[in-house]
Amino acid sequence: MKNETEQVLKDIEGVAKSLRDLADECDNLAKMVRNEESENAEINKSSATEVKKISKEEVRGALSAKSADGYIKEVKALLSKYGAERLTALKEEHYEDVLMEAKEIGNE
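Moving on: the overall build of the protein. From N to C terminus, the protein includes four helices and zero strands. On C-alpha atoms alone, the protein measures out to a radius of gyration of 33 Å, which is more than a quarter above the 13 Å that the 2.2 N^0.38 rule sets for 108 residues. Expressed along its principal axes, the backbone C-alpha trace of the protein runs to roughly 105 × 25 × 20 Å. Split into buried and exposed, the 108 residues of the protein put 17% on the buried side. If you take every contact in the protein between residues at least 6 apart in sequence, the share linking residues at least 24 apart comes to 59%. Entry remark: accessible area of the protein is about 8800 Å², with carbon and sulfur atoms responsible for 53%.

This is the structure:
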């Protein structure tokens, strides 16, 4: 009977050790997931702050296409709205707005 009891106690100790090892592995896994989530959040944060810069060539292309489609007055009015008589006088800060509005010309 004593041998059986000792064997059961050893088995219980073995199970307890296995459970502690499992708990340690779960902690390590949780730390890894937290680190990965944190890294992903940083990547997403930096991606969100990166804004695609609109080039003068993109604006020129859109305005040229609208002019070629017969919307010359509308294109001139759009440039004038942003204080420019010609594209070369348009401030870079207005490129995105002008591009968006140019896409709407003729779609009304």
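Pairs may arise between side chains of opposite charge once their charged atoms sit close together. Counted by the stated rule, this structure contains three salt bridges. With a closest N to O distance of 2.9 Å, Asp21 and Lys17 form a salt bridge. Of this pair, Asp21 and Lys17 both sit in helix α1 (residues 2-49), four residues apart, which is roughly one turn of the helix. In this structure, the salt-bridge partner of Glu101 is Lys81, at a minimum N-O distance of 2.8 Å. Of this pair, Glu101 sits in helix α4 (residues 95-104) while Lys81 sits in helix α3 (residues 72-81); the two residues are 20 residues apart in sequence, bridging distant segments of the chain.

Following both chains from N to C, one finds helix α2 (residues 56-68) and α3 inclined at 145 degrees, their axes separated by 7 Å at the closest point. Taken together, the residues of α3 that come into contact with α2 (itself represented by Leu63, Lys66 and Ser67) are Ile72, Val75, Leu78 and Leu79. When grouped by side-chain class, the residues that make up the contact of α2 with α3 number five nonpolar, one polar and one charged.

So, about α2. For α2, which comprises 13 residues, the first-to-last C-alpha distance of 18 Å matches the rise-based estimate of 18 Å (1.5 Å per residue) to within 8%. Along α2, the residues classified as buried are Val59, Ala62, Leu63 and Lys66. Angularly, the buried residues of α2 cover 95 degrees about the axis, an arc narrow enough to put them on a single face. Those residues of α2 that are exposed and aimed more than 90 degrees away from the buried face are Glu57 and Ala68.

Conventions we followed
- Residues numbered from 1 in each chain as written.
- Predicted model: local features only at pLDDT ≥ 70, side-chain atom pairs only at ≥ 80, totals over all residues.
- Heavy atoms only, no water.
- Helix = DSSP H or I, 4+ residues; strand = E, 2+ residues; numbered from the N terminus.
- Rg over C-alpha atoms; globule rule 2.2 N^0.38 Å.
- Buried < 20%, exposed > 50% of the residue type's maximum accessible area, 1.4 Å probe, protein only.
- Contact = heavy atoms within 4.5 Å.
- Areas by Shrake-Rupley, 256 points an atom, 1.4 Å probe, with all protein chains shown as cover.
- Salt bridge = Lys/Arg side-chain N within 4 Å of Asp/Glu carboxyl O.
- Axes fitted to C-alpha atoms, helices over the stretch in contact; angles between N-to-C directions.
- Nonpolar A, V, L, I, M, F, W, Y, C, P; charged D, E, K, R; others polar.
- Expected span 1.5 Å × (residues − 1).
- Arc of directions from axis to C-beta.

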